[in-house]
Each structure stands twice: as C-alpha cells, then as structure tokens.
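Observations on chain architecture
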Amino acid sequence: MKGHARVVVIGGGVVGVNILYALAKDGWSDVALLERRELTSGSTWHAAGLMSIYSTSYYASKLYIRSHQVYATVEAETGQAVGFHPSGTLRLASTKDRLDEFLHYKDIADSFGANAEIVGPAEVRRLWPLVENTSDLTGALYHPEDGHAAPADVTQALARGARLLGAEIHRQTEVTGIDPTPGGEWRVRTTRGDITAEHVVLATGSFARQTAALVGLDLPVVPVVHQYLVTEDLAELVERRKQGLPEMPILRDDTVQGYIREEGRGLMFGPYDENPPLWALDGVPADYAGELLAPDLDATLPHFERAVARVPRLGTVGIKTCVSGPIAVTPDNRPLVGPAWGLNNIWLAEGFTGGIAMGGGVGHSLAEWIMHGEPGIDLHELDPRRFGAYANKRYASIKSREAFANNFGINYPDWEWPAARPLKTSPCHDKMERHGAVFGVTYGWEIPRWFAPAGVERKDRHSYRRSNYFEHVREECRAVRERVGLYDLTPAGKYELSGRGAAAWLDRQLASRLPDRQGKIRLGYLPTPAGGVLCEFTVTRLAEDRFYLVGPTITERHDFDVLTKALPRDGSVSLRNVTAALGAFAVVGPKARDLLASLSDADLANAAFPWWSARTITLGLASDILAMRVNYVGELGWELHHPLNLQNHIVEALLAKGAEHGVALIGSRAVDALRMEKSHPAFWRELTREHTLVEAGLGHFIDSQKPDFIGREPLLKQLSNGVSRQLVALRMASREANPYQHETVYHKGKPIGRITSAAHAHSIGDCFAQAYVMAPHAMTGTAVEVAVLGERRPARIVSPSPWDPQNARSRA
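Note that the structure is a prediction, hence the values are computed from the model and not measured. (Residues numbered from 1 in each chain as written. Predicted model: local features only at pLDDT ≥ 70, side-chain atom pairs only at ≥ 80, totals over all residues. Heavy atoms only, no water.)

Each helix and strand in the protein chain was counted, giving 19 helices and 37 strands. A compact globule built from 812 residues should have a C-alpha radius of gyration of about 28 Å, and the protein chain, at 27 Å, falls within 12% of that. Burial statistics for the protein chain: of 812 residues in total, 61% are counted as buried. Of the roughly 29900 Å² of accessible surface on the protein chain, 49% is carried by carbon and sulfur atoms. (Helix = DSSP H or I, 4+ residues; strand = E, 2+ residues; numbered from the N terminus. Rg over C-alpha atoms; globule rule 2.2 N^0.38 Å. Buried < 20%, exposed > 50% of the residue type's maximum accessible area, 1.4 Å probe, protein only. Areas by Shrake-Rupley, 256 points an atom, 1.4 Å probe, with all protein chains shown as cover.)

In structure tokens:
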C-alpha cells in the first residue's frame with residue numbers, strides 16, 4: 001500500500017467503489033479504497049438490486065438516470081457484466097391520492113428525460129399476468145426502462161474499471177484512526193499501515209456512525225433491519241422462459257408496502273416493516289463481516305398475506321430462503337452526500353437505502369465536487385449539513401425507523417413527518433398554539449404553517465389538490481394586504497461577523513455590494529465557483545467592522561460551515577452563530593407602522609427610517625430590538641430581531657395593541673403565497689447551485705466593479721453574453737389542482753423548462769409560478785403550457801412582481 005494518495009475512500013460497498021471509479025475516470029488515478037473485509041461487504045450481499053428512476057424529487061431522479069449511464073459505461077469499458085435486467089417497474093395505485101402522486105411524477109418526468117406511462121388495470125394484468133385482483137386499482141405507473149442489477153456484479157465491474165484506470169483497492173484493511181496532519185492533509189491509520197491523503201471519503205454503510213466518530217462527527221445514520229423472501233421455482237415463470245417472454249416488471253404495491261420481482265425462476269418479495277427493528281445502535285461488532293442476520297419470518301407475515309391477496313400464486317409456492325440484513329437509514333430516508341461540517345476535505349457518502357440505484361449518480365457527482373469544487377448534479381437535498389446538532393443518535397433512531405416505515409408513503413407536497421416532535425421551539429410556541437397554529441417542522445424547528453380559527457380542525461389534510469387550509473391561508477394573506485400580519489422568524493439562521501478584516505473579507509465572499517454605512521441593509525449572495533447560488537443573506541451593517549447576517553432556516557449548518565471554512569487564519573475576522581440566542585418577528589402590512597408606533601418612541605417615518613435600513617429601538621418594555629425595514633411579502637413592514645428572553649413580552653404587546661389595527665397571526669404558507677405575488681425567489685427552490693445569479697434574474701445584485709469575488713468570471717461573462725435559461729414568472733388560471741414544484745413547462749408541445757415554485761395568489765386571484773425556461777422562450781407574453789396532474793394547462797409568461805411592481809407599498 002502506498003503511503004500517500006490524493007483521495008482515500010473508506011468503504012468497499014457499491015457506493016464507495018462508485019466514487020473510486022468516478023475519481024479515476026475523471027483523471028485522478030492516485031486514489032485508493034480501503035475495505036475492512038471484501039468488496040461486496042456492506043448492504044450489497046442482501047440487496048435486491050432495484051434500479052428505479054422514480055422519485056418525486058427532480059434531483060434524485062437525475063441521479064438515478066446517471067447511475068444507469070455509469071453502469072452501462074463501465075460494462076462497456078471493462079467487458080464485465082453488471083447483471084442488469086431491464087424488466088421495468090410497475091407501481092400500483094389503489095387510491096386517488098396515490099394516482100395523483102404518479103400523475104405528478106409524470107408531470108415532472110419530461111423535465112429530466114424519463115420515460116413513464118400511466119396505465120390502467122387491464123395493462124397491469126397484461127404486464128404482470130400473476131396479478132389477479134385489480135378491482136381496487138385506480139391506475140399504475142409503468143417505467144419501461146427500469147430494472148434491477150446484481151449488486152456483486154456491479155461492484156466488481158466498477159472495481160475492475162477503477163483498477164484499469166490506476167486506482168488502488170486494499171481489501172482486509174481496517175481503518176483504526178483518521179487524524180489531521182500539520183500540513184493540512186489526513187493520516188488514515190489502518191491495520192496494514194498508514195496512508196496520508198488530501199481528501200478522505202467515508203462510505204461505510206452500517207459502520208457510518210463508528211467511522212464518523214473517528215473524526216468527531218455524530219452522524220444521523222442508523223442501521224435498520226430489512227428482509228426479503230425468495231420462493232421456489234414457479235412453473236409459470238419456467239414456461240415464460242421457454243417461450244422467450246420478457247421478465248415481468250418489478251411490482252411495487254402500496255397496499256402490500258413491498259416489492260415483488262422475478263428472481264431466477266422464482267419470486268422475490270421484499271416488504272417494508274412499519275415498525276422495523278434497529279441494529280447495532282451501540283456499534284457494529286468488530287468481527288462482523290457482512291453476514292446475514294437471523295431471519296424473522298413472523299415479521300413478514302402481515303405483508304405477505306396482503307401480497308398473496310394481490311398475487312395469489314405467491315401463497316401456493318414454497319419459500320426457499322429469507323434474507324435479513326441491515327440497511328443504513330437517515331431521518332428523511334435520503335443519504336448524506338457532500339462535505340462534512342467543520343472539517344476540511346472530509347466527505348460523506350453514507351445512509352443509502354438504495355446504493356445500487358443512486359450510487360452511480362452520487363459517485364460521479366461527488367467526484368466532480370471533490371475535484372472541481374462543483375457537483376454535476378445539485379446535491380442540496382442530500383447535503384449532510386441539512387441536519388443540525390439536534391439530529392443525535394436518539395433522534396436518528398426514532399426518525400430513521402419512521403422514514404424506513406414510510407418507504408411506501410405518499411409523497412404529498414406539504415407532508416410533515418410527526419415523529420420526534422416537538423423538538424426545537426420558539427418561546428412563543430405555546431402562545432401560537434393557543435391561537436390555533438398548525439405546525440410544521442424545518443431544521444428541527446416547529447414553525448406555524450397556518451392558523452385554524454376557533455372550531456376548525458387543527459390538522460392538515462394532505463393532497464396534491466386544494467386542501468383544507470386554503471381558505472384560512474387566504475384570510476391570512478388578506479390580513480397582510482389590508483391590515484397587518486405578524487409571523488415568527490425566530491428559526492432563521494443568524495450570524496454576527498466582526499473584526500478588523502470583516503468588511504474586506506465579506507466583500508470578497510459576496511458578489512453583491514456591502515452596505516456602505518452603519519444601519520444600511522443589502523441582500524448578499526455568495527456564489528459557487530461557477531456562479532450558482534451557494535448562500536443568501538440579508539446583510540446589515542451594525543458598525544464599520546461589524547455585520548449581522550440572516551439566512552434561511554434550513555441552511556443554518558450549511559451556511560455557517562461555508563463561512564467558517566472560508567475565514568482567514570490570522571484572526572482578523574470573527575464569526576458567531578447567534579441563531580439560538582435571538583428571536584425575530586415580522587410585522588407587515590399597511591398598518592404595520594401604526595402598530596409599531598403605538599408601542600415605540602422611535603421615529604418610524606420614511607425620512608427617519610427608510611426602506612432597507614435598520615435601527616435599534618425599544619418596543620413596549622423591551623429594549624435592544626434591532627428593527628430592520630425589510631420583509632419577504634412586499635408590504636410596509638419591519639423585522640424585529642430581539643434577545644430571546646424578551647420574546648413573550650414582545651409578542652404579547654404586539655397582539656394586545658394589534659387588536660386595534662386588526663392584526664393577524666400568519667403562517668409560512670401565507671408567506672409563501674405572498675412572496676409568489678412578488679416573484680421573490682426562495683432558497684433551494686429558485687436559488688440553487690444549479691442556476692446562476694444571472695439566470696435567476698439577480699444580475700443587478702452583482703457588483704461588476706469588484707476586482708475579486710467567488711464566481712466573478714463566469715457571472716461577468718453571462719452578464720455580457722447572455723444566458724441559455726432564465727427564471728420567469730408564469731400566470732395561469734387557478735383550479736383545484738395547481739402546480740407545486742418541478743412540473744414540466746412546454747412551448748408548442750416541447751419541454752422548455754420546469755416549475756420551481758407555484759401558489760394561488762390570493763390577492764390577485766390566479767395561480768402564479770416561477771420557472772426556469774430556455775432563454776429564447778423567456779419573453780413576457782409567451783404562451784406556454786404547464787403539466788398539472790396529467791393535464792397540459794395554458795399559462796403565460798408575465799412581468800415579474802405582479803403585485804405592486806414598483807414596490808410603492810414597501811416604500812410607503
């Protein structure tokens with residue numbers, strides 16, 4: 001084993017080998033993989049090898065498609081088969097809501113080039129002759145290009161490909177320590193000697209928590225036990241082989257909560273237990289080498305009985321084997337892929353429930369990220385920093401079990417998983433609850449989504465169509481536009497930046513201009529090297545060398561990590577995360593000034609307190625409130641940032657005095673609808689690393705006179721030469737079902753883009769959406785169509801900010 005490598009990948013399962021192959025394929029041959037046992041250890045020994053491209057996530061589906069491409073490439077290059085069976089996948093819908101989910105997927109499939117069909121019960125029986133009962137079906141989704149691969153074959157083909165490209169693979173090499181070196185590299189200690197590396201990738205499956213602990217990380221990954229059964233041979237399948245008939249599609253049935261596929265001349269049945277057992281919570285045994293676990297046939301019986309009701313032949317054939325083993329699961333059932341927080345050049349690829357399906361795409365994208373600073377496919381949905389310190393082992397145990405049990409749950413647009421809640425709450429939480437708040441959760445925080453009036457059930461009825469909160473959100477929006485609304489911003493990420501070098505350092509990070517004097521506010525965008533949007537902040541200048549940054553709730557750990565890793569090492573800049581110390585409210589609407597003036601001696605008139613400025617004020621008995629005259633909904637308003645121990649006094653004062661002005665508590669769904677009327681972009685919706693600031697229509701925030709900032713050259717080039725795609729606003733008639741996210745936009749029958757956000761505009765009366773479309777079609781007035789639950793709906797590109805385009809109300 002060499003003493004040095006550019007990248008060391010720890011873990012020889014299919015994900016780790018995918019990463020190794022991708023690194024070598026892209027030109028980094030000085031890479032090595034360390035595996036404690038053999039390459040097929042981890043989950044591959046018992047995996048069903050399912051390779052589906054289905055996901056209601058646009059980004060995940062792109063990763064699945066990339067995996068297919070990678071495996072075809074490595075098979076062609078090495079001559080070693082990956083054992084891919086192009087059987088297709090057939091997903092059954094037994095409820096209207098499930099069919100709506102499939103229709104929504106069909107709506108987005110064109111945006112990333114997937115081939116999917118909605119079929120009826122007769123076609124189900126033709127594709128799967130052993131299905132006898134279809135009376136309950138509302139339809140099915142058929143993916144003819146799906147299939148399954150042999151995990152061991154995929155792993156060995158990738159390993160061969162990596163070796164041919166110069167990569168090293170060291171089996172029977174257990175990692176015992178990972179330590180930083182004085183030179184900024186990592187020393188990986190193993191049972192066969194040490195190896196130093198610039199980058200280390202952790203891809204260790206069920207060992208994720210133990211491996212991460214070697215570098216001081218507490219990963220929210222827990223092994224969950226999954227089982228599948230394999231039957232004896234079926235005469236019907238033997239006969240199909242004799243006739244040369246194709247393999248039947250992988251059958252996925254929500255009534256069964258499991259999959260059925262052909263395995264040899266028998267059937268494989270894999271159920272997803274509603275109460276799955278956890279495994280090795282206190283650490284995987286040192287002598288574990290990927291052996292099967294003891295099967296528990298009794299646990300599969302409820303699912304098996306439901307499967308027999310759908311496929312009676314399954315109940316008349318003998319069971320040949322029951323395979324049981326651990327699968328590493330995260331709290332939201334998505335893997336952790338990307339940089340580790342707080343550590344330079346430590347990368348994570350852990351928590352895969354479908355390593356075969358996603359491994360090729362993830363390996364390729366992570367290799368690009370390591371080598372070039374950018375992943376080829378935006379991985380924000382998988383970024384490990386989407387979880388905070390709250391996601392400890394106990395939390396992960398509860399949530400991972402919930403996530404695994406919901407593998408066959410319907411992916412409703414507004415679905416909020418209930419386990420391990422409430423966890424993080426604002427001091428005003430109980431008061432909001434007494435006022436009828438229906439809570440959701442973001443980054444562990446309980447956040448009011450909407451407020452139920454007295455006598456109305458305080459519960460979401462989830463749907464792809466108009467839901468039970470529609471009229472109540474409408475009233476919240478009306479209150480903001482006509483009177484005054486109050487909403488909680490406490491969970492937003494908040495950071496204080498100070499020091500003699502703070503201004504110069506922050507100026508180099510942001511593409512936008514800094515506030516030029518104390519009390520001024522500007523929006524700040526931190527680009528990626530390619531010009532995409534990595535971070536967004538509201539930047540307030542508190543003093544010459546002191547700034548207050550406010551960012552999205554969901555990106556708190558991500559943003560703090562990005563900023564921290566970029567800090568100069570000379571101590572000239574200090575950064576503090578003050579999210580947990582400060583609360584915030586937004587008071588918005590035409591009567592916002594009247595309400596605040598009744599509680600404060602501060603001069604809130606335009607001349608003294610203009611738009612995009614900040615001052616410290618007193619409100620009621622509460623001092624030291626940083627009042628910032630900005631908001632997200634396009635109205636006169638202020639954000640009130642305050643010490644957390646003053647929060648209840650502030651909200652009580654605002655509600656008591658606000659009664660005279662018709663104040664209303666509003667939730668995040670009203671805020672989202674209101675921001676759509678202003679065409680304000682949302683982070684990880686319109687603003688991602690996939691699209692640049694210029695494409696997002698934010699070119700006016702770029703200070704082209706700056707000599708140096710991240711992403712400067714590509715952004716200036718786009719400002720000069722134009723873009724190939726552009727963010728636009730769409731207007732369409734609002735109906736029971738409206739777009740939500742990722743639906744395909746068409747022009748004259750051809751896909752030209754996709755929706756990023758959409759909402760009913762209660763102040764205007766239609767549905768408004770934002771979408772990235774090809775630049776030649778981005779002109780105002782262009783007629784387009786949007787796919788909505790299987791229907792092509794007419795829409796038109798309109799000028800941005802249909803509500804108050806001159807911002808007169810915000811300036812009032």
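The discussion continues.
This brings us to the environment of Ala769. Tracing the backbone through its elements, the reader meets Ala769 in strand 35 (residues 767-774). With 267 residues separating them along the chain, Ala769 and Ala502 place their C-alpha atoms 38 Å apart. Excluding its chain neighbours within four sequence positions, the residues that come into contact with Ala769 are Met676, Val728, Ala729, Leu730, Ile755, Ser757 and Ala758. (Contact = heavy atoms within 4.5 Å.)

With that out of the way, let us pick up empty space enclosed by the protein. One pass over the full model with this rule turns up three cavities of 30 Å³ or more. In this structure, the largest cavity occupies an estimated 80 Å³ of space. Forming the boundary of the largest cavity are Trp369, Asp378, Leu379, His380, Asp383, Val533, Leu534, His558, Phe683, Trp684, Thr688 and Arg689. In the lining of the largest cavity, the residues fall into six nonpolar, three polar and three charged. Around the second largest cavity sit His104, Asp107, Tyr464, Asn738, Tyr740, Glu743, Ala787, Val788 and Leu789, which together line it. Broken down by secondary-structure element, the contributors of at least two residues to the lining of the second largest cavity are helix 3 (96-112) and strand 36 (783-788). In the lining of the second largest cavity, the residues fall into five nonpolar, two polar and two charged. (1 Å grid on protein atoms, 1.4 Å probe; cavity = no way out; pocket = protein on both sides within 12 Å on 5 of 7 lines; lining within 4 Å. Points joined across faces, edges and corners; volume = space filled by probe spheres on them. Nonpolar A, V, L, I, M, F, W, Y, C, P; charged D, E, K, R; others polar.)

Attention now goes to the nonpolar core. Within the largest apolar cluster, 87 residues are counted, with the highest numbers of intra-cluster contacts made by Tyr105 and Leu730. Not counting residues within four places of it along the chain, the set of residues in contact with Tyr105 comprises Ile53, Tyr54, Ser55, Ser61, Phe112, Ala114, Ala116, Leu141 and His143. Among the nonpolar cores identified, the runner-up in size contains 33 residues, and Ala5, Trp186, Leu219 and Ala391 belong to it. (Core = buried A, V, L, I, M, F, W, Y, C linked by side-chain atoms within 4.5 Å.)

Take the sheet that holds strand 22 (residues 493-498) next. Reading across from one edge, 23-24-25-22-26 is the order of the five strands in this open sheet, with antiparallel pairing throughout. Taken across any chain shown, the strands that pair with only one partner, and hence form the sheet edges, are strand 23 (521-527) and strand 26 (574-577). The average undirected angle you get between the axes of adjacent strands in this sheet is 30 degrees. Across the face of the sheet, helix 14 (residues 556-566) comes into contact with strand 22, strand 23, strand 24 (533-543), strand 25 (546-551) and strand 26 while running at roughly 75 degrees to strand 24. (Pairing = 2+ DSSP bridges. Axes fitted to C-alpha atoms, helices over the stretch in contact; angles between N-to-C directions.)

Confidence along the protein chain averages 95 in pLDDT terms, with 99% of residues attaining 70 or more. Low confidence marks residues 41-46, where pLDDT is under 50. Its contacts with residues over four positions away, or in another chain, come to 20 contacts. (pLDDT = per-residue confidence, 0-100.)

A separate point is the sheet that holds strand 35. Strand order in the closed barrel formed by six strands is 32-35-34-33-36-37, and the pairing between neighbours is antiparallel. The average undirected angle you get between the axes of adjacent strands in this sheet is 45 degrees. Here seven bridges tie strand 34 (residues 750-760) to strand 35, and the two strands are oriented antiparallel to one another. Opposite His760, over in strand 35, you have Cys767 as the bridge partner. Each of strand 34 and strand 35 is contacted by helix 17 (residues 668-677), which is oriented at about 125 degrees to strand 34, the strand it contacts most.

This brings us to the pattern of salt bridges. Counted by the stated rule, this structure contains 51 salt bridges. Close ionic contact of Glu446 with Arg421 constitutes a salt bridge, the shortest N to O distance being 2.7 Å. Taken together, the residues span a long stretch of sequence, with Glu446 in strand 20 (residues 445-451) and Arg421 in the loop between helix 10 (393-405) and helix 11 (429-434) at a distance of 25 residues. Here Arg421 falls in the partly exposed class, since its relative accessible area comes to 24%. For Glu677, the salt bridge goes to Arg481, with nearest N and O atoms at 2.7 Å. Of this pair, Glu677 sits in helix 17 while Arg481 sits in helix 12 (residues 470-482), and the two are 196 residues apart along the sequence. By relative accessible area, which is 0% here, Glu677 ends up buried. Several salt bridges share partner residues, and in doing so they unite Lys96, Asp100, Arg465 and Glu736 into one network. (Salt bridge = Lys/Arg side-chain N within 4 Å of Asp/Glu carboxyl O.)

In this structure the tally under the stated criterion is 19 aromatic pairs. An angle of 50 degrees between the planes, with centres 5.9 Å apart, marks the rings of Trp611 and Trp612 as tilted. By way of ring pairs, the aromatic residues Tyr58, Tyr59, Tyr105 and Phe112 are connected into one cluster. Between Arg557 and the ring centre of Trp341, over which it is positioned, the NZ or CZ distance is 3.9 Å. (Phe/Tyr/Trp six-rings, centres within 6.5 Å; stacked < 30°, edge-to-face > 60°. Lys NZ or Arg CZ within 6 Å of the ring centre and 35° of its normal.)

A word on the pairing of strand 28 (residues 614-619). Bridge count between strand 28 and strand 29 (residues 622-628): five bridges; the pairing is antiparallel. Across the sheet, the residue bridging to Thr616 is Leu626, located in strand 29. Here strand 28 folds back onto strand 29 in antiparallel fashion, the turn holding two residues, of which Gly620 has a positive phi close to 60 degrees.

Moving on to the packing of helix 1 (residues 14-25) against helix 2 (residues 58-78). Two elements in contact, helix 1 and helix 2, have axes whose closest approach is 12 Å; the angle formed by their N-to-C orientations is 70 degrees. By the angle between their axes, helix 1 is roughly perpendicular relative to helix 2. For helix 1 against helix 2, the interelement crossing comes out left-handed. In this structure, helix 1 uses Val14, Asn18, Tyr21 and Lys25 to contact helix 2, whose residues at the interface are Val70, Tyr71, Thr73, Val74 and Glu77. Tallied by class, residues from the contact of helix 1 with helix 2 come to five nonpolar, two polar and two charged. (Parallel < 35°, antiparallel > 145°, perpendicular 65-115°, else oblique. Left-handed = near helix turned anticlockwise from the far one by under 90°.)

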